[in-house]
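Now for the letters of each chain:
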Amino acid sequence: MKKRLLVITAGLMSLTAPAPNRSASAETRWLHSAHQLLTAIIVSDVFSPPVAARIYAYAHIAAYETLVPFQAGRYRSLAGQIPSMATLTTTPPAGCNPALAATEAFLRVGRTMIFSEKTFDQETTQLWEQIKAAGYSEETIQVSKAFGEQAAQHIIAWAKGDNYRQTRSLRRYAPVKQAGAWAPTPPGYMTAVEPYWGRIRPFVLDSAAQCRTTGPPPFSTNEKSQFREAAWEVYETGKNRTAEQRLIASYWDCNPFFLNTQGHLNFASKKLSPGGHWLSIAGQVARLTKANLITTSAAYTMTAIALFDGFISCWHEKYRYNVIRPETYINAHIDENWRPLLQTPPFPEYPSGHSVVSTASAVVLSAVLGKNVSFVDSTEMAYGLPSRRFTSFNQAADEASISRLYGGIHYRAALQNGQVMGKAIGELVIRRINLRQAVLSQKP
């Protein structure tokens, strides 16, 4: 009998833009709502983590660039700071509202990169009805949308040159048949995700290889080898996992496509990607700190840039080292009945993507919103998990990293060296991109 595949959404947030948060200003409300709308579509369309990061990045850059002309020189464009990006030459017309223009730019760009255009259009229409009901005149809405569309088209044209379309037509990846190399894992034995992502044009990295780390321990089955010891640590952690470690692993799972198997029936649960989780944190803390519109956009944009370049760098390393996953190694050399807590993702092990992008996100968010901001992250409540409190972005990133060991899908070296890579990428982003003009003017 052929297996049946059904797709369901577990805990998917409502596609309808949420009711306005009374603690947020009217200006930031619409950008937050547009971000949540796009996130729901990204989850529903099951984009892989690297592709989801690309969608977020261009959409948020469009919103930010739309806002810059309204800042009277206080904030700088990304043009010239991102080498491949040209300057937006159009200027806002009279009567243009910056929040509405940025929202339109964000939505226009996001729409070009998703699959579910009809659903997106329906939800976008509802969002604009909410905006109109908030008291904005039809004239203001139309003028603002027109300028936002101009900015969006500028970003859309730029995005077409990042090599994404070319990678869609490359040959399907064939796993390397050698000892220690990655192989597809149960239950779906899915093909490798985005094997050519290292060829995507980065924003601030000179190349995908710029922030390379030291490599993993050499593969070995010798009982006294470093690799065997690393695998044994994963095995023992799985056997002796505490309730708190189980919760941490589940909280940071962020698996966009979890395949459930029940006899001959397979069905998938859709969840947020790692990048979606970190952008959710950016939005929550922006609200918590009562950030204004441009600061909120800057937080989203800088995080999205770090995520975008982080995935390019990480995926370049993944397919360069092509390391076997713990599940495969442990089943072959330690215990054939052992299973990880989390479902093993369909791509090579080293380095840990969560470690890279979480650390890079924490670095840039610390620079934009503050190093020691305490916050409660409620992102995973939509998926049946409790909220978690963190004393800083770095603490959250550390927990996201170690969660992969608790979940049984990474060796420790992938976490530690992934964090080194993520820190280097995050620091490069804040070193090469200075959004606030006032900060530059204070430098000697």
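Residues numbered from 1 in each chain as written. Predicted model: local features only at pLDDT ≥ 70, side-chain atom pairs only at ≥ 80, totals over all residues. Heavy atoms only, no water.

1. Focus: helix H4 (residues 117-133)
For H4, spanning 17 residues, the distance from its first C-alpha to its last is 24 Å, which sits close to the expected 24 Å at 1.5 Å a residue. For H4, every residue scored as buried is listed here: Phe120, Glu123, Thr124, Leu127, Trp128 and Ile131. Taken down its axis, H4 places every buried residue within 145 degrees of arc, on the same side. Along H4, the residues that are exposed and aim more than 90 degrees away from the buried face are Lys118, Glu129 and Ala133. (Helix = DSSP H or I, 4+ residues; strand = E, 2+ residues; numbered from the N terminus. Expected span 1.5 Å × (residues − 1). Buried < 20%, exposed > 50% of the residue type's maximum accessible area, 1.4 Å probe, protein only. Arc of directions from axis to C-beta.)

2. Re unusual backbone geometry
In this structure, the amide linkage connecting Pro186 to the following residue, Pro187, adopts the cis form with an omega of 5 degrees. Along the chain, Pro187 falls in the loop between helix H6 (164-167) and helix H7 (226-239). The omega angle of the peptide bond from Tyr350 to Pro351 is -5 degrees, so this bond is cis rather than trans. Phi angles above zero are rare outside glycine, and Tyr189 is one such case at about 50 degrees.

3. What about empty space enclosed by the protein?
Tallied over the entire structure, the rule returns 1 cavity of 30 Å³ or more. Empty space within the largest cavity amounts to approximately 40 Å³. Together, Thr185, Pro186, Pro187, Gly188, Tyr189, Met190, Gln343, Thr344 and Pro346 line the largest cavity. Across the lining of the largest cavity, the residue classes tally to 5 nonpolar, 4 polar and no charged. (1 Å grid on protein atoms, 1.4 Å probe; cavity = no way out; pocket = protein on both sides within 12 Å on 5 of 7 lines; lining within 4 Å. Points joined across faces, edges and corners; volume = space filled by probe spheres on them. Nonpolar A, V, L, I, M, F, W, Y, C, P; charged D, E, K, R; others polar.)

4. Some words on the UniProt feature "domain: Phosphatidic acid phosphatase type 2/haloperoxidase" (unreviewed entry) in the chain
Within this numbering scheme, the UniProt entry marks residues 300-431 as carrying the feature "domain: Phosphatidic acid phosphatase type 2/haloperoxidase" (unreviewed entry). Along residues 300-431 the backbone is 61% helical and 5% strand, and the end-to-end C-alpha distance reaches 17 Å. (UniProt positions renumbered as here; feature names shortened; annotations may be inferred.)

5. Things to note about the layout of surface pockets
As a volume, the largest pocket reaches approximately 770 Å³. Secondary-structure elements contributing two or more residues to the lining of the largest pocket are helix H2 (49-67), H6, helix H10 (293-321) and helix H12 (353-369). Its residues placed into classes, the lining of the largest pocket shows 24 nonpolar, 9 polar and 8 charged. Each of two domains, domain 1 (25-162) and domain 2 (180-432), supplies a minimum of three residues to the lining of the largest pocket. (Domains from an automatic or database assignment.)

6. Digging into the packing of H10 against H12
How two helices pack is summed up by the angle between their axes together with the distance between the axes. Where H10 contacts H12, the two axes come as close as 8 Å, and the packing angle between them is 155 degrees. As summarised for this structure, H10 and H12 are arranged roughly antiparallel, according to the angle between their axes. For H10 against H12, the interelement crossing comes out right-handed. Along the contact surface, H10 presents Thr295, Ala298, Ala299, Met302, Thr303, Ala306, Leu307, Gly310, Phe311, Cys314 and Lys318, while H12 presents Gly353, Val356, Val357, Ala360, Ser361, Val364, Leu365, Val368 and Leu369. Residue classes in the contact of H10 with H12 are distributed as 14 nonpolar, 5 polar and 1 charged. (Axes fitted to C-alpha atoms, helices over the stretch in contact; angles between N-to-C directions. Parallel < 35°, antiparallel > 145°, perpendicular 65-115°, else oblique. Left-handed = near helix turned anticlockwise from the far one by under 90°. Contact = heavy atoms within 4.5 Å.)

7. Details of the environment of Ile330
Assignment of secondary structure puts Ile330 in helix H11 (residues 326-333). If near-sequence neighbours (up to four positions away) are discounted, Ile330 is found in contact with Ala231, Val234, Tyr235, Asp335, Glu336 and Trp338.

8. Here's the deal with the domain arrangement of the chain
Splitting the chain by domain gives domain 1 (25-162) and domain 2 (180-432). Placing a centre on the C-alpha atoms of domain 1 and another on those of domain 2 gives a separation of 28 Å. The interface of domain 1 with domain 2 comprises 39 residues on the first partner and 39 residues on the second. Taken together, the two surfaces of domain 1 and domain 2 that pack against each other cover about 3200 Å², and 73% of this comes from carbon and sulfur. The three residues of domain 1 that bury the most area against domain 2 are His32, Pro49 and Pro50, which together make up 19% of that side's buried surface. Counting the contacts that link domain 1 with domain 2 gives 0 salt bridges. Taken together, the links from domain 1 to domain 2 amount to 6 residue pairs in polar contact (both at pLDDT 80 or more). (Buried area = accessible area lost by both parts, 1.4 Å probe. Salt bridge = Lys/Arg side-chain N within 4 Å of Asp/Glu carboxyl O. Polar contact = N/O pair within 3.5 Å; in protein donor to acceptor, adjacent residues only side chain to side chain.)

9. Observations concerning H7
Over its 14 residues, H7 runs 20 Å from end to end, which matches the ideal 20 Å to within 8%, given 1.5 Å per residue. Among all positions of H7, only Phe227, Arg228, Ala230, Ala231, Val234, Tyr235, Thr237 and Gly238 are buried. Contacts made by the buried residues of H7 are with H11 and helix H13 (393-406).

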